[in-house]
Amino acid sequence: MLGRETPLASMASTPSTSSDDPSILATALSTSIDSLISQLAVAEPTPVPTTPHIVRAAVPWPGPEQPFYMYGNERELVMIDTFARLHAISKGPAWTSSRSAPSPAVAWRVEAVAGRDMALIAARDIPRGELIVTELPVLVVSNTFGVGADCSDESLEELYVEAVAGLAPASREAFLDLKNALEGEALHTGIRCTNGMGVPDFAALEDSSDGVFPILSRANHSCTPNAIFTTDLSTLKGSFYAVSPIKAGDEIFISYTLLCEAREERRHDLQFYEFSCTCECCELPPKKLKLSNARRTAISALLSPDDGSPPFPDEIGAVEDVLRMARDERLTLYDHEILEIGLQVHFKNLKETKGDLRQAALWVKRTRKAFAAVGKPFPPMWETVSAHWGTK
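Details of the overall build of the chain
Check the secondary structure of the chain and you find 14 helices and 13 strands. A burial count over the chain gives 46% of its 392 residues as buried. For the chain, restricting intrachain contacts to residue pairs at least 6 apart in sequence, the fraction spanning at least 24 positions comes to 64%. Summed over its atoms, the accessible surface of the chain is roughly 19,200 Å², and 55% of this surface lies on carbon and sulfur atoms.

Given below as structure tokens:
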């Protein structure tokens, strides 16, 4: 059962009355506006666009924030969020631009793997930096209406059931074909929690969201992943890029958790998915595991310092050391972040007239290449700085 569609005509018209009495007209208009605001559960009436299809959930929901569904033109995907945020998304580039994008040559297949059910497998050799697969999500859920929301488990399940029921048959079947790995969790909620991938760019607003993808959600976890997940604000699509060479027949792995933590912390975080990681890194013997934990802690200290101080050292050599640690840990997905910190060091040193412009130019090239390898644009700020250095 779908929720009721918010009538466009009722939002654009004023209430009619046969009376010319200004006080009666004012009262009628005020009553109509109050009713409309209550119906939409937003601060003020905002015109609903004819496309996409915005539907108010029929599920009873506690609290002032009421859920709405926004469907793609062909009902190939649905977003769950507040009316105000969905309306803002529908006006932004994420929805108004063409979502068509060239699909890469097929480099993957989905097949059953012992101990992990379904998995994403490389169908051919995939070089580092190649776009492996890109696709639209079938479901995007704002964290406002995610697990942990102030509602009953039954209401949350009903919300997801109702939203998915409105999808086109192919998208609905693709969602229901995904695994619910959470014991005791209702079907739709379990699928959403098991397969949800962070997509903060889709909303481009204050709240982040989770997306469920028919293909991307098949990828399993490793603490030394060979692929990275990215989202494209202009097309709404999610993608995998190879962060290391992948041989034909190898499994394509991503990360489900923070990788720059010690093994026990990673395993604790992964308990949400009800499995204990047994990847090569997690199964290291004690001495090698201790070294691995130390390297990952050092990478974290550079990328996310606890004291909130600027995350760059005085010397570029310290950044090179961390870069080598990331390579030793096969965490090349962090290369672009580490190299960008190196750019900050070069900028600081050149500003203080103790830097080397030639070395800075070489670092720009390395950083640009690392960003391209994970499907991310080189930051505009560094484009400007590199042009000033004459290193573009």
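Quick notes on the side chain of T230
Along the chain, T230 falls in strand β11 (residues 227–231). Judged by its relative accessible area of 7%, T230 falls in the buried class. With near-sequence residues (within four places) excluded, T230 lies in contact with K237, G238, S239, Y241, V374 and K376.

What about the sheet that holds strand β9 (residues 209–212)?
Taken together, the 6 strands give an open sheet; going across it, the order is β1-β2-β3-β7-β9-β8, and neighbouring strands pair in mixed fashion. With partners counted over all chains shown, the strands left at the sheet margins are β1 (53–56) and β8 (197–198), one partner each. In this sheet, β9 lies alongside β8 in antiparallel orientation, the contact comprising 2 bridges. Bridge pairing in β9 links M197 to G211. Strands in contact with helix α3 (residues 83–91) are β1, β2 (68–71), β3 (78–81) and β7 (139–142); relative to β2, the strand with the most contacts, it is inclined by about 20°.

Re the pairing of strand β6 (residues 131–135)
When you tally the buried positions in β6, you get 4 out of 5 residues, the bulk of the element. Sheet topology places β6 next to strand β12 (residues 238–242); 4 bridges connect them, and they run antiparallel. When the sheet's bridge partners are listed, V133 is paired in β12 with F240.

Things to note about the sheet that holds β6
Taking strand neighbours across the sheet as the criterion, the 3 strands line up as β6-β12-β11 in an open arrangement whose pairing is antiparallel. The open sheet has two free edges, formed respectively by β6 and β11, since each of these has just one partner strand. Neighbour to neighbour, the strand axes of the sheet diverge by 20° on average, direction disregarded. Across 5 bridges, the pairing between β11 and β12 is antiparallel. Each bridged residue has a counterpart across the sheet, and for F229 the counterpart in β12 is F240.

Regarding the environment of R327
Here R327 lies in helix α11 (residues 316–328). Note on R327: relative accessible area 44%, which makes it partly exposed. Contacts of R327, omitting those with residues within four sequence positions, involve T332 and D335.

Looking at the pairing of β12
The side chains of a regular strand alternate between both faces of the sheet. Most of β12 is tucked away: 5 of the 5 residues are buried. Because side chains alternate across β12, one face comprises the buried residues G238, F240 and A242, and the other comprises S239 and Y241, equally buried. A loop of 6 residues connects β11 with β12, the two strands running antiparallel in sequence, and L236 in this loop sits at a positive phi of about 70°.

Digging into the pattern of salt bridges
According to the stated counting rule, one finds 16 salt bridges in the structure shown. In this structure, R124 and E130 form a salt bridge, with 2.6 Å as the shortest nitrogen-oxygen distance. Assessed through its relative accessible area of 28%, R124 is described here as partly exposed. Here E320 ties to R366 by a salt bridge, and the two come within 3.0 Å at their closest N and O atoms. You can see E320 sitting in helix α11 and its partner R366 sitting in helix α13 (residues 357–373), a full 46 residues away along the chain. Of the residues examined, R366 reaches a relative accessible area of 34% and is grouped as partly exposed.

Some thoughts on helix α9 (residues 263–270)
Three- or four-residue spacings in an α-helix give side chains the same orientation, since the helix completes a turn every 3.6 residues. Taken residue by residue, α9 has R263, R266, R267 and L270 as its buried positions. Down the axis of α9, the sector holding all buried residues measures 95°, keeping them to one side. Tucked into the core, α9 has its buried residues touching β10 (220–221) and α10 (286–303).

Structural notes on the packing of helix α5 (residues 153–165) against helix α7 (residues 187–195)
Viewed as axis vectors pointing N to C, α5 and α7 meet at an angle of 85°, and their least axial separation amounts to 8 Å. Taken together, the axes of α5 and α7 are roughly perpendicular relative to one another. Each of L156, E157, Y160, V161 and V164 in α5 lies in contact with α7, whose residues at this interface are L187, H188, T189 and R192. Of the residues that constitute the contact of α5 with α7, the class distribution is 5 nonpolar, 2 polar and 2 charged.

The rules we used
Residues numbered from 1 in each chain as written. Predicted model: local features only at pLDDT ≥ 70, side-chain atom pairs only at ≥ 80, totals over all residues. Heavy atoms only, no water. Helix = DSSP H or I, 4+ residues; strand = E, 2+ residues; numbered from the N terminus. Buried < 20%, exposed > 50% of the residue type's maximum accessible area, 1.4 Å probe, protein only. Contact = heavy atoms within 4.5 Å. Areas by Shrake-Rupley, 256 points an atom, 1.4 Å probe, with all protein chains shown as cover. Pairing = 2+ DSSP bridges. Axes fitted to C-alpha atoms, helices over the stretch in contact; angles between N-to-C directions. Salt bridge = Lys/Arg side-chain N within 4 Å of Asp/Glu carboxyl O. Arc of directions from axis to C-beta. Parallel < 35°, antiparallel > 145°, perpendicular 65-115°, else oblique. Nonpolar A, V, L, I, M, F, W, Y, C, P; charged D, E, K, R; others polar.

Purely geometric stuff here, so don't read any function into it on its own.
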